[in-house]
Structure formats: structure tokens, C-alpha cells
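Below, each chain spelled out in residue letters.
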Amino acid sequence: MSDDLYREAILDHYKHPRQKGHLAAPDIQFHDHNPFCGDEITIELKVENGIVVDAAFDGHGCAISQATASMLMEEILGKPLEELKALDKEYILEMLGIQIGPVRLKCALLPLKVLKAGVWGLEEWPE
Amino acid sequence: MSDDLYREAILDHYKHPRQKGHLAAPDIQFHDHNPFCGDEITIELKVENGIVVDAAFDGHGCAISQATASMLMEEILGKPLEELKALDKEYILEMLGIQIGPVRLKCALLPLKVLKAGVWGLEEWPE
Amino acid sequence: MQDRTELIRQDFPILQRTVASGAPLVYLDNAASSQKPVAVIQAMDDYYRRYNANVHRGVHTLSEEATAAFEGAREKVARFIHAPHSRQVIFTRGTTESINLVAHTWGRANLRPGDEVLITEMEHHANIVPWQILRDQLGFTLRYVPVTDQGLLDLDTLDELLTERTKLFCFVHASNVVGTINPVDELVARARAVGARVLIDGAQSVPHMAVDVQALDADFFAFSSHKLCGPTGIGVLYGKRDLLEAMPPFMGGGDMIREVTMAGSKWNSLPYKFEAGTPAIAEGIGLGAAVDYLQSVGMDWVRAHEQEITRYAYDRMSEVEGLRILGPGPEQRGGLIAFTLEGVHPHDIAALLDRSGVAVRAGHHCAAPLHARYGIPASARASFYLYNTTAEVDVLVEALHKTQEVFAL
Amino acid sequence: MQDRTELIRQDFPILQRTVASGAPLVYLDNAASSQKPVAVIQAMDDYYRRYNANVHRGVHTLSEEATAAFEGAREKVARFIHAPHSRQVIFTRGTTESINLVAHTWGRANLRPGDEVLITEMEHHANIVPWQILRDQLGFTLRYVPVTDQGLLDLDTLDELLTERTKLFCFVHASNVVGTINPVDELVARARAVGARVLIDGAQSVPHMAVDVQALDADFFAFSSHKLCGPTGIGVLYGKRDLLEAMPPFMGGGDMIREVTMAGSKWNSLPYKFEAGTPAIAEGIGLGAAVDYLQSVGMDWVRAHEQEITRYAYDRMSEVEGLRILGPGPEQRGGLIAFTLEGVHPHDIAALLDRSGVAVRAGHHCAAPLHARYGIPASARASFYLYNTTAEVDVLVEALHKTQEVFAL
Ligand SMILES: Cc1ncc(COP(=O)(O)O)c(C=O)c1O
Ligand SMILES: Cc1ncc(COP(=O)(O)O)c(C=O)c1O
């Protein structure tokens, strides 16, 4: 694992976010924010037969939260909802390929929290 | 000054308190206690023409508070009330002839607090 | 066992000192506050010298390090008391603030006229006064479980005192005066039977024995760091998660909020909802080190050691003429002995023991109602900890004899 | 001046360290928490190694020594802020608890529906949320003085906002975001004219300039130790004596009582009425040492030094393209500069500056309404103290340029 938070792949996703915007008629939509830094993420999913067929995110915040959201959208396309329910911190860290301290970890995990709260149909993802 | 809290004169006053008890018809009577240790002192004065003609104390507590009350009663007999109003910490320390740390000082000053509250006619002696 | 104690004593720098009279320190005032091992002092020193910074909101190296250490300490404490999750460990200033927090939040939200809060006659003021203040504001009824002559809770009265009206039952785990270790299992079962919540004051238990808040089934459990080898300025409130989640916040400010607008605010998740403002960071880290230290010694060893000292002290002190021990025999008590000595006020006992280097406490030990129950204004108290020895008990007893000589007529 | 600073830097062990990247630490996060000089660390170490004991109620040597040191610290603090008497110095955990104490006691006793509490749009959450919570409980009205584009209080609105209905006016002495030093004299005079009480949040003023609470004529004044070279876990509420005397207590427990019976309790005198339970003893002693340290340097020197650094930083940072400074020019501000950088989120700024060893804070700095006012979710903030140098400002500016390079498209 790299210890460079700002390795090129992350900056690239931040500067050129994939799947950013909104879906026409999402089946699942969820929004949350990180109270410590004001990062905001909205995630929308289009689901057919339990499979994610389209995904989009919107929001603003630091490079870590926004790049993570962008990467995550690419990752989940075509995946069954059930599989998303099991995604965890390790999955995100692996995806990012970086080591993160406790404070910035919140930024990296925000998109996952939003995704899981949406997929599980919860009001808020319990920390 | 001695640093022996329990020098003989103090133990003597504690074991053989002077002026302990109650007056028949006191002109001034006041009671207070030390919340930190439960020491209690009541002081009663008989006053004629502004002069203390009789004095008594009652109470219970440690050797320091009780011996100080006993000594103080002897000291004030025959003194004008006005003079009592001005008595202070230094006066008590001189009378006791000992050095006292901040915690036990409260014990030594309790009789003075009671006396002054009574003489000034206050509800409580402001610390 | 004494060999082990000798090693332990080397961890506590203060035990090398002498007092004003030149006598070596014999510290028997542990129930008021314990001494600190080097590991604890060092942990805080290290924080201030190497990575001091405000926690949670910082992105820079120091703040990341401080946050990791502070939150790591919370996890250590959670493991130490067997809390299901570190989020249920709320840092406060001490037992007193922990209990006041419950009164201000759970109490204010749940208690109304007609309700009853049951406490006991052996409580520390910290577990009496907050309920009196709240009662005067909300109009519920406050009742007390009486204490027997032997210093035990009078359980026969529970049938009458613990009823459907009882919403909360608060009691001390181990008394700081009579030493009694209360039968928590039975008390909690009785409370459950009428649907009352239970708050346990663990100020004198957590430092001295293994405590498992889940096994005790406590709804709330409070204790202080400074009595368990940790620093001043920090303590803990543990609570069941559903209760904590449902409670309104206590103080308002930074860190406890999720969102603030001029119109209003939303609360942060546990434990932060109850930790407004910059927390006691160095103190949290110090408490973590204290818990590590105690665990390295082993709480069962601590308890066994104190039992040995206490039994020995009980026997030797009983031989002193005119000395009266408050509370039950050594089997039912924690490591402390409060007593009176005929003809000598407790303050004078403490002052004269101090000449021999022996530090004991004198007063009502913040348990005035219990002293009133026994018809005495004050008592003296010797309280032991893992570093005390039977030889120190001998110094105490010797000094008690000297005290009597000074006061002999 | 830089010579003096070099000497001062030697008092702060942490300033010798490097961060993860290997770069020497450039600590510019002082508004969040300051570093501590050896004298402060040593004072607490010494307490724990030599005379640790619970205060007030103890008769033995250690407790007498601890009590003398702890109460001595209270007197030092009283002199430092020019309080008439040390009894008006109440120890709390920090600014946040100080303000909550006033809300829970004075507020609950004095505020009713129809009354108004006036605060400002530039307050820290610590001076917003307690009033929102209390408003929701008591039903008074909470109003805000708006802030101008330049980061000043819009005094023109006071005619309308400050009226006979206003019972309390709370404002920050020096802002922790825009840096503005508010015109206390004028604000207090305006409050007096309508009979309102005044609470001043001095968290960012006391550490950085000479403060005289009597000259300011504050009714209540709050600040934290950890921002003024002192330890975490302690802070101060100063109040006018008649107000404090008349207020009901905040928390209940040991030390704050004069008498406890099962029927009810009577309160102790000031300051103890507001200090329930074992206080933060080591922390009080550490705060006393911090105040001694700052006084030995001289608060006027500290202020002048920070003004020099701030002016220099303001000029150099203004040269950075896309950098926007929040708040007024350097003349009207304390020693901090919050800013945004086009195209780079404040968290990323802080993380990238950290690589160069520069510690700054990023976020809303617990002043979300103020950030909302400026239409930004967050900012980065460099804040200076007596040990910072213009050379460190150069490192900051250099690192800002590097940050822009990383984020360049
Ligand atoms: C202006 C201001 N008020 C209040 C506070 C809160 O102080 P504390 O977190 O020490 O309680 C701070 C610091 O964070 C501050 O800058
Ligand atoms: C049984 C008990 N409860 C509560 C307390 C209060 O603890 P603190 O003063 O640390 O808040 C103490 C200690 O004084 C105690 O012994």
C-alpha cells in the first residue's frame, strides 16, 4: 500500500470524476455528510433484478471523499445489491490503495456509508 | 512560632475548655459549622455598654477548633465589641502560637467566623 | 506476594518521599485519590512533548496521532470494563459529572411527579445531591434504602421501597466509608422485577476489582480515573446503547454536533453527543495507560492483595483500645477501613498520624447521611491499594497508639 | 524580536520534532490548541511524582501541599485576568463547560418566554448550541448579530437587536475564524444601556493579549487552558460576584455542598458551589504554571509578536493566486488567518501542508453559521503563537505553492 494520499489515480478521479451527476429515475437515493468537515455525498442507483445497472454520485468535499465516490461508482456497476451490503472498510482501503489515518478515514468512508444506508434502506448508517 | 499543632497549651485548652457551656440570657448568640469536617461552634456573649462582660462557647470538633474557641473566650472577656469586629486571621495565629496549613486553618478560624458573624449581626460570615 | 508488591512500589515514584516530619510516606488515602505509576505520568508527558494537538477535527500529523491515542484509550477503557463497544464509554471529569450527566439528560427526559428514584443511605454525595436538585425541579420522590448497624443495605426494606413507581435505582458498588461491597446481582434483579433502571456508582469498585458492566447488567455505570492510578480531570460514564441513543445531550458546543445552523442543531453520534468541547486529551491518554498498567498487574491479584492487607489491618486495628471500625467484617468489604477513636476527633487523628508519615483521610468522606446514621460527625479512614504492605499497617497501628498517648489526660 | 523567539522556542520541546514526511514541525494550529512549555509539563509531572493527593478535605502533608498548589493556581489565574478575587475564578473543563454552566444556572433561573438572548453570527458552536438547547426548553428568543462581508459585527443592527427584551448578550472577544477582535467597550456599553448582562467568550483572546475582566466590565468571561500553554481538561469561568452568589449550582456532589441530609442540601460558598466532585487538580496546577510562563514573557510582547507575524503572513499569503483570506485586515485581527484556495478543498490543503511539516486546521472550526454566511463549507486556518517565526510563514507559503502544483490540472 502506498502512503501517498494523493497518488495519481486519486487525483485523477477527483479532477475527472466518473458517474458524477444524477440519474433520471433512481430506485435508490441517499444523502449524507461528514459533520467534521462538511463533505457531502449523494448516491443514486438504478437496480434491475437485484443488480446495479446504473449509478451516480453528486456532492462536494475533499479529494479523498470525492475520488472515493467516483471510484466506488465504477466498482459497483453490474454488482448485485446483496454484495454491496457486505462491503467494508477494508474493501475501500484496498480500492484506494492507500493507508489513511483516523481523521481522513472518515472522508474515505463517507461514500460507503451513504451507499450502505441507501442499500439497506436505513435512515442513517450506524457508525 | 511553633510548628507543633498539638503544643501543650492547645491540648490543655482542648482537654480543659474554659468558658464552655451556655449563658443564662446572652445578648448575642451565633452558631456555625465547618462543612468539610463537621466542627460546630456556638458562641454566646453578654454585653454591657459595648463591653463583653461574659462569654461562653459550646460545640464539638477537633482539638484545634475547640481549643481556639476556648482561648478566644478568655481573650475577649472585657473587650469592647468594636475591637472584636477587627480581629483577623493573624490575631488567631498569634494567639495559638502555631503555624497552620490551609486545611486545618479552617478549623482554627471557625470560632472567629462565628464570633464575628455574631458581633456584626450577619447571617453568615462571608469568607 | 510481598515480593511482587516491592516491585510494584518501584513503579510509583511518590512512594520514595518523606513527609514534613521526616518520616517516610505511608500513603493510606487511596479511596480519596490513588498514586500514579511512572507509566501513566510518562504517557502524558510524552503526549505533551511529542504529539500534543486537538483531536478529531485535525488533518495534520500531530492531530492524527493525538486522535489515535485518545480514541485508543477509549477502547482500552471499554475492554477494561467489558463494555460491548467503545462508543458506550463517555469521558467526563469524573464520577460526579457522570452521575450529573445522567440526571440532567435521562432524568430530565424520564422523571415526572409521582415517579420515584431510589438511592441508599450509604451513597456518596455525588449520588445524592444531583437527585435532590432534580427532585426539587421536577417534583418526583426520592427515597433511601436504609443501612443496618453492620453497614449493609437493609434488603428487607426493598419490598416496600422498590415498586412500580421506582424509575431508577442508584447505588454504590463498594462503599467509600463502610467498605461494603453491595450484592449487585440481587439489587439489579430486584430493580428489573419492577422495571426500574439501574445506575451503579463504581468509583470504589473499578480501581480495586475486575468489573464487567455487562455481567452486572448495569444501565449506567460511573467511575473516576484519579482513583485507579490515572490522572485527575477525567472519568467515565458507561451506558446501555439504546438508553444513550435516546437521551438528549447534556452540554452544547463543538464536537457534540452533527450540524449547526442559526435555526437549530442536530446531535452527533455516540459518544460525542455527550462530549461537548475539547475533551481532556492528555488525561484520556493517561487513563488508557493506567488501565494498561492495572491489567498488566491483574485485577484479581489487586483484589487478593487488598483483601490480605485489609484482613491484617482489621485484626490489628481491632486490638487498639477505644477504636471502633465502621461497617462489616473483612470478608464483605473492599480495601478500606473507616474508624473512630474514643476521645480523639478524626481530624486530630489524621494530623497526628501525618507526623508518623501516615496519610489517612478524616471527615465525613462526602457521605454525611451515612455518618448521621451512625450518630457521628466524622471518621478517619485508612484505604489500601496494590502498593501497600502489611508493614505499613504496622506503622499505622503504632502511630495510632502514639496518638492516644498525646491525647491521654 | 526573533532572538527572543529563539529562546522561547527552546522552552517548547515539541518544536524540535519532525512529522511523518521527515520535515520539521511548523505548528500553526494554535487556535485549536497551543503547545506547552517545559515549565507546565514539569509542574504537573512534579505534582504526580511528589505531592499528588485529593484537595480540600485532607489533613495530611500531601493533601495540604496539593491544596496549597491548587488554590495558589486559582490566585495566579485571578491575577492574570485581573479578577477582584480568586473566588470568582471557577474551574471548568474549558470554555464550552463555562458557557454551559452559565446557561444551566443563570439562564435557567433568569430567562423566560418573551425574553431575548442575543449572540452573533461569528460565534463558536460553544456559544451557540447551549443557547439553542436552552431556548428549546425555556421558550425565549435567540437572535444573532449579523457579520459584514469584511468579518466585522454589523453594529448598525444593534439598535434593532439590542432592546429591553434582551437579557443577555453573548459574543466572542476574538473570532477563531475571521480573527476579528471585537469592540468590547462599545458592545458592553450598548448592553448596559438596555440592562442586558454580558457573557464574553475569551477562548481566543486570553492566550494572546492582556485581558482585564474588570476593565472590560464582563458579567461572565470564559476561556480554556489548553489554548494558552496550559494542559487540557481545565478552563475558567469568571463571573461578577453578586451574579455568582445568586445563581443556583450546576452539578451536585462532593465539595459543592455545605451540608447534606437525606431531606436536602445547602450549597458551599464560591467558587466551590460550582465545582462538584474532585476537581482537575494537576490541570489546575499546570494552568497556574502556564499563566506564570506567559506573564514572564509578557502579554504585551506576545501580542506585538503575533501582530508582526500576522502582518507578514497576511502580506505573503495575499500574493498566492486564488487564495482568499476571510475577515478584516491585519490591524483588526488576532494572530490567525483563515483562508480558502481555489480548486483545493481545505482538507486537502491541510493534508498537503502536513507533508511540508506545516500543521494547519481545516474545516468549519466549530463556526458553521459563519461559514454558511460566507457560502463555504470549510476553510483552512493558520494560527500563530509566541513561538512562531516569519521563517515559518515562509515555509507555509512555499507549501501552499506546492499544494497548488499537485492540484494543477
Ligand atoms: C472562540 C472559541 N470559543 C470556544 C471554544 C471552545 O473551547 P473548548 O473546546 O476548549 O471548550 C473555542 C475553541 O475551540 C474557540 O476558539
Ligand atoms: C463512592 C464514591 N462515589 C463518588 C465519588 C466522587 O468521585 P469524584 O470526586 O472523582 O467525582 C467518590 C470519590 O470521592 C466515591 O468514593
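Conventions and cut-offs
- Residues numbered from 1 in each chain as written.
- Chains lettered and ligands numbered in written order.
- Predicted model: local features only at pLDDT ≥ 70, side-chain atom pairs only at ≥ 80, totals over all residues.
- Heavy atoms only, no water.
- Domains from an automatic or database assignment.
- Contact = heavy atoms within 4.5 Å.
- Buried area = accessible area lost by both parts, 1.4 Å probe.
- Salt bridge = Lys/Arg side-chain N within 4 Å of Asp/Glu carboxyl O.
- Polar contact = N/O pair within 3.5 Å; in protein donor to acceptor, adjacent residues only side chain to side chain.
- Helix = DSSP H or I, 4+ residues; strand = E, 2+ residues; numbered from the N terminus.
- Nonpolar A, V, L, I, M, F, W, Y, C, P; charged D, E, K, R; others polar.
- Near = heavy atom within 4 Å.
- Areas by Shrake-Rupley, 256 points an atom, 1.4 Å probe, with all protein chains shown as cover.
- Buried < 20%, exposed > 50% of the residue type's maximum accessible area, 1.4 Å probe, protein only.
- Pairing = 2+ DSSP bridges.
- Axes fitted to C-alpha atoms, helices over the stretch in contact; angles between N-to-C directions.

J.: Give me the domain arrangement of chain C: which residues, what numbers.
T.: Interface size is commonly expressed as the accessible surface area that is lost when the partners come together. Residue and element names in this part refer to chain C. One can read the domain layout of chain C as domain 1 (2-30 + 299-406) and domain 2 (42-295). Computed over C-alpha atoms, the centres of domain 1 and domain 2 are 28 Å apart. Contacts between the two partners involve 30 residues from domain 1 and, on the opposite side, 30 residues from domain 2. Buried area between domain 1 and domain 2, both sides added, is near 2,500 Å², and the carbon and sulfur share of it is 59%. Here domain 1 and domain 2 share two salt bridges between them. Two residues, Glu121 and Arg373, come together in a salt bridge whose shortest N-O distance is 4.0 Å. In this assembly, domain 1 and domain 2 are joined by 14 residue pairs in polar contact (both at pLDDT 80 or more). Sorting the residues of the side of domain 1 that touches domain 2 by element identifies helix 11 (299-318), strand 12 (336-341) and helix 13 (368-373) as the ones contributing at least two each. When the residues that make up the side of domain 1 that touches domain 2 are grouped by side-chain class, the tally is 17 nonpolar, six polar and seven charged.

J.: Before we move on, could you go through the site of ligand 1 and cite the residues and values that matter?
T.: Surrounding ligand 1, one finds 15 residues, the nearest of these being Thr278(C), Thr96(D), Asp201(D), Ser224(D) and Lys227(D). One nitrogen or oxygen atom from the side chain of Lys227(D) is found 2.7 Å from an oxygen atom belonging to ligand 1. Alone, ligand 1 offers 390 Å² of accessible surface; in the complex the protein occludes 96% of this. Considering only residue class, the shell around ligand 1 consists of three nonpolar, 10 polar and two charged.

J.: Let's hear about unusual backbone geometry: which residues, and what values?
T.: Note the cis peptide between Leu270(C) and Pro271(C), where omega equals -5 degrees. Within the element layout of this structure, Pro271(C) appears in the loop between strand 10 (265-267) and helix 10 (281-297). The backbone phi angle of Cys366(D) is positive, close to 55 degrees, even though this residue is not glycine. The residue Cys366(D) is located in the loop between strand 14 (361-363) and helix 13 (368-373) in this model. You can call Cys366(D) buried: its relative accessible area is 1%.

J.: Please provide a residue-by-residue account of the interface of chain B and chain D, values included.
T.: Of the residues lining the interface, 10 residues belong to chain B; the matching set on chain D comes to 15 residues. Taking both partners together, chain B and chain D bury about 1,200 Å²; carbon and sulfur atoms supply 53% of that area. Counting across the chain B and chain D interface gives one salt bridge. Linking Asp32(B) and Arg258(D) is a salt bridge whose minimum nitrogen-to-oxygen distance equals 2.6 Å.

J.: Can you break down the pattern of salt bridges residue by residue, with the values?
T.: All chains considered together, the criterion is met by 64 salt bridges over all chains. For Lys85(A), the salt bridge identified is with Glu82(A), shortest N-O distance 3.4 Å. You can see Lys85(A) and its partner Glu82(A) sitting in helix 3 (residues 81-85), three residues apart, about one turn around the helix. A residue is classified by how much of its surface remains accessible, and Lys85(A), at 22% relative accessible area, is partly exposed. Residues participating in the shared-partner salt-bridge network are Arg192(C), Arg197(C), Asp217(C), Asp219(C) and Lys240(C).

J.: Just give me the short version of the sheet that holds strand 12 (residues 336-341) of chain D, but keep the residues and values in it.
T.: Residues and elements named next belong to chain D. Ordered in space as 11-12-15-14, the four strands form an open sheet in which the pairing is antiparallel. Either end of the sheet is taken by a strand with one partner, and the two such strands are strand 11 (323-325) and strand 14. Shown here is a sheet whose adjacent strand axes are inclined to one another by a mean of 30 degrees, direction ignored. Relative to strand 15 (residues 379-383), strand 14 runs antiparallel, the two sharing three bridges. Bridging from a neighbouring strand, Ala362 pairs with Ala380 of strand 15. Against the sheet, helix 14 (residues 390-407) makes contact with strand 11, strand 12 and strand 15, and its axis sits at roughly 15 degrees relative to strand 12, the strand it touches most.

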